[in-house]
Amino acid sequence: QVQLVESGGGLVQAGGSLRLSCAASGSIFSINQMGWYRQAPGKQRELVARIFSGASTNYASSVKGRFTISRDNAKNTAYLQMNSLKPEDTAVYYCSALAVIAATFTRVELWGQGTLVTVSS
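Residues numbered from 1 in each chain as written. Predicted model: local features only at pLDDT ≥ 70, side-chain atom pairs only at ≥ 80, totals over all residues. Heavy atoms only, no water.

S.K.: Outline the sheet that holds strand E8 (residues 77–82), supporting the account with residue identities and numerical values.
M.R.: In space, the four strands of this open sheet follow the order E1-E3-E8-E7, with antiparallel pairing throughout. Every interior strand has two partners, whereas the edge strands, strand E1 (3–7) and strand E7 (67–72), have only one. When strand polarity is set aside, the average angle formed by the axes of neighbouring strands in this sheet is 15°. Note: strand E3 (residues 18–25) against E8, six bridges, orientation antiparallel. Bridge pairing in E8 places serine 21 opposite tyrosine 79. (Pairing = 2+ DSSP bridges. Helix = DSSP H or I, 4+ residues; strand = E, 2+ residues; numbered from the N terminus. Axes fitted to C-alpha atoms, helices over the stretch in contact; angles between N-to-C directions.)

Pasting the structure below:
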C-alpha cells in the first residue's frame, strides 16, 4: 500500500518555527513532484509550496521568504520548514505527491491525512 504520512504539526506562538515532514512509503518507482497544501477553517485548500524532481520549487506569495520546501529523494520524504509563523498560517497542512507505482508503472496522486498547525498571537 502506497501512502504519505505527515508529522510535525502543533501549536506555536507567532514568530516561531515548525518543521513538517512527509514520508512516502510502499512500492514506489519514482516521485516526480511533492507539495504542501493547507486548508484553513472556512477556506478552500491552497497550494503552499511544491518541489519537483529536479529540485526546482515554487511558493505561494504569502509564504515566500518564510517557508522552505526540501526533499530527500533517497528517503522519499519532503519537508516544509516554516519560520516567522503568523496566526494566518493556522490551517491543516496536507502533503501531496505525484508518484509512479512500481508494480504497474501507474501514475497516482497521493495525499496525506493532514497535520494541524496552530499559530497563536
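S.K.: Talk me through the pattern of salt bridges; I want residue IDs and the actual numbers.
M.R.: Counting across every chain of the model gives three salt bridges. In this structure, glutamate 46 and arginine 38 form a salt bridge, with 2.7 Å as the shortest nitrogen-oxygen distance. Owing to a relative accessible area of 35%, glutamate 46 belongs among the partly exposed residues under this scheme. According to the relative accessible area criterion, arginine 38 is buried, its value standing at 5%. The structure contains a network of salt bridges with shared partners spanning Arg38, Glu46, Arg66 and Asp89. (Salt bridge = Lys/Arg side-chain N within 4 Å of Asp/Glu carboxyl O. Buried < 20%, exposed > 50% of the residue type's maximum accessible area, 1.4 Å probe, protein only.)

S.K.: Give a description of unusual backbone geometry that names residues and reports values.
M.R.: A positive phi angle, near 80°, is found at alanine 55, a position not held by glycine. Tracing the sequence through the fold places alanine 55 in the loop between strand E5 (46–52) and strand E6 (57–59). On the basis of relative accessible area, alanine 55 is assigned to the exposed category, the value being 52%.

S.K.: I'd love a proper account of the state of the cysteines, names of residues and values included.
M.R.: Working definition of a disulfide: a covalent bond connecting the sulfur atoms of two cysteines. The final tally for this structure, using the stated rule, is one disulfide. With a sulfur-sulfur separation of 1.9 Å, cysteine 22 is cross-linked through a disulfide to cysteine 95. Between cysteine 22 and cysteine 95 the sulfur-sulfur dihedral comes to about -80°; the bridge is accordingly left-handed. Of this pair, cysteine 22 sits in strand E3 while cysteine 95 sits in strand E9 (residues 91–101), and the two are 73 residues apart along the sequence. Taken individually, cysteine 22 and cysteine 95 each receive the classification buried, so the pair is uniform in this respect. (Disulfide = S-S within 2.5 Å.)

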